[in-house]
Amino acid sequence: MPEIPLPILTERLVLRRFTADDLTAYHAYRSLEETARFLPSGPHKITTAMQVVGKYSNFVFEQVGDWVSLAVEAKGSPVLLGEVVLKWLPGRGQGEVGWILAPAGRGKGYATEAAEAMLKLGFETLGMHRIEARLDALNGASAAVCQRLGMQHEATLRENSFANGVWSSEARYAIFASEWKSSH
Ligand SMILES: CC(C)(COP(=O)(O)OP(=O)(O)OC[C@H]1O[C@@H](n2cnc3c(N)ncnc32)[C@H](O)[C@@H]1OP(=O)(O)O)[C@@H](O)C(=O)NCCC(=O)NCCS
């Protein structure tokens, strides 16, 4: 796999590697019930946040299963606003993208802008063929991000997950390199 060039700059954002200094801000948004509502991992305790920030800070992207997990900041404002991730899935040229924003980062188009950059990374730099998103079927805000990215709804897996005492259904969206390139 080629080296991942960091930081990644978009029109309004800086996507950079996490550092230990992000722990307080990361824990602040990942410990919220409203952030965790559709995330199987649930709200993070500080010990979990420490482990995750440590892992994100030292990510490697060398084999199937590895993640690129980047901190999202607005240009000129070094405040952690969230995270965007690209995972290397099994199978030739397969990836998965994901996004989580702190409440202060929402409603500005930042998740879509950051995810666009991850699709560009996956398709142009890493040569991926297909990138998917997996989300709770009730997560309308996340489905809207997929639609803004030009991803197609491919399936909803009914009640395929049990977490926090409830069954949930998973929506799958995806986009191919050719579809992405034809719109860029
Ligand atoms: C999912 C999540 C990242 C979506 O965040 P979001 O802010 O709604 O999505 P975007 O950043 O793409 O912003 C889009 C919104 O910004 C608005 N916006 C404002 N200024 C904008 C601009 N300059 N450019 C683009 N959009 C802009 C859009 O109109 C849209 O608002 P709307 O939802 O009222 O139509 C957020 O809800 C979240 O973090 N949820 C908790 C974690 C989670 O569930 N993650 C997904 C797991 S699958």
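Residues numbered from 1 in each chain as written. Predicted model: local features only at pLDDT ≥ 70, side-chain atom pairs only at ≥ 80, totals over all residues. Heavy atoms only, no water.

Caption draft 1: Molecular detail of the site of the ligand. Contacts to the ligand come from 20 residues, most closely from Trp99, Leu101, Gly107, Ala111 and Thr112. Tyr110 places a polar main-chain atom, nitrogen or oxygen, 3.0 Å from an oxygen atom of the ligand. Between Arg148 and the ligand, the recorded distance is 3.1 Å, taken from a side-chain N or O atom to an oxygen atom. Residue assignment for the shell around the ligand shows that the elements contributing at least two residues are β5 (94–101), α4 (110–125), β6 (130–136) and α5 (140–148). With four residues, the top contributor of residues to the shell around the ligand is α5. Considering only residue class, the shell around the ligand consists of nine nonpolar, six polar and five charged. (Near = heavy atom within 4 Å. Polar contact = N/O pair within 3.5 Å; in protein donor to acceptor, adjacent residues only side chain to side chain. Helix = DSSP H or I, 4+ residues; strand = E, 2+ residues; numbered from the N terminus. Nonpolar A, V, L, I, M, F, W, Y, C, P; charged D, E, K, R; others polar.)

Caption draft 2: Unusual backbone geometry, seen in detail. A cis amide bond links Leu6 to the next residue, Pro7, at an omega of -5 degrees. Along the chain, Pro7 turns up in the segment before β1 (8–9). The backbone of Glu159 shows a phi angle near 45 degrees, a positive value even though the residue is not glycine. Within the secondary structure layout, Glu159 lies in strand β7 (residues 152–163).

Caption draft 3: Examining helix α3 (residues 46–57) more closely. Here α3 contains twelve residues, and its C-alpha end-to-end distance of 16 Å stays within 8% of the 16 Å for a straight helix at 1.5 Å per residue. Turning to α3, its buried residues number three or more, namely Ala49, Val52, Val53, Tyr56 and Ser57. For α3, the arc enclosing every buried residue in end-on projection is 130 degrees, short of the 170-degree limit, so these residues lie on one face. For α3, the exposed residues lying more than 90 degrees away from the buried face are Gln51 and Lys55. (Expected span 1.5 Å × (residues − 1). Buried < 20%, exposed > 50% of the residue type's maximum accessible area, 1.4 Å probe, protein only. Arc of directions from axis to C-beta.)

Caption draft 4: The sheet that holds β5, seen in detail. Taken in spatial order, the eight strands line up as β1-β2-β3-β4-β5-β6-β8-β7 in an open sheet, and their pairing is mixed. Strands at the two margins of the open sheet, each flanked by one partner only, are β1 and β7. As paired strands, β1 and strand β2 (residues 13–17) are joined by two bridges and run antiparallel to one another. In the strand pairing of β2, Ile8 is matched with Leu15. Of the strands in this sheet, β5, β6 and β8 (166–176) are in contact with α5, which crosses β6 at around 160 degrees. (Pairing = 2+ DSSP bridges. Contact = heavy atoms within 4.5 Å. Axes fitted to C-alpha atoms, helices over the stretch in contact; angles between N-to-C directions.)

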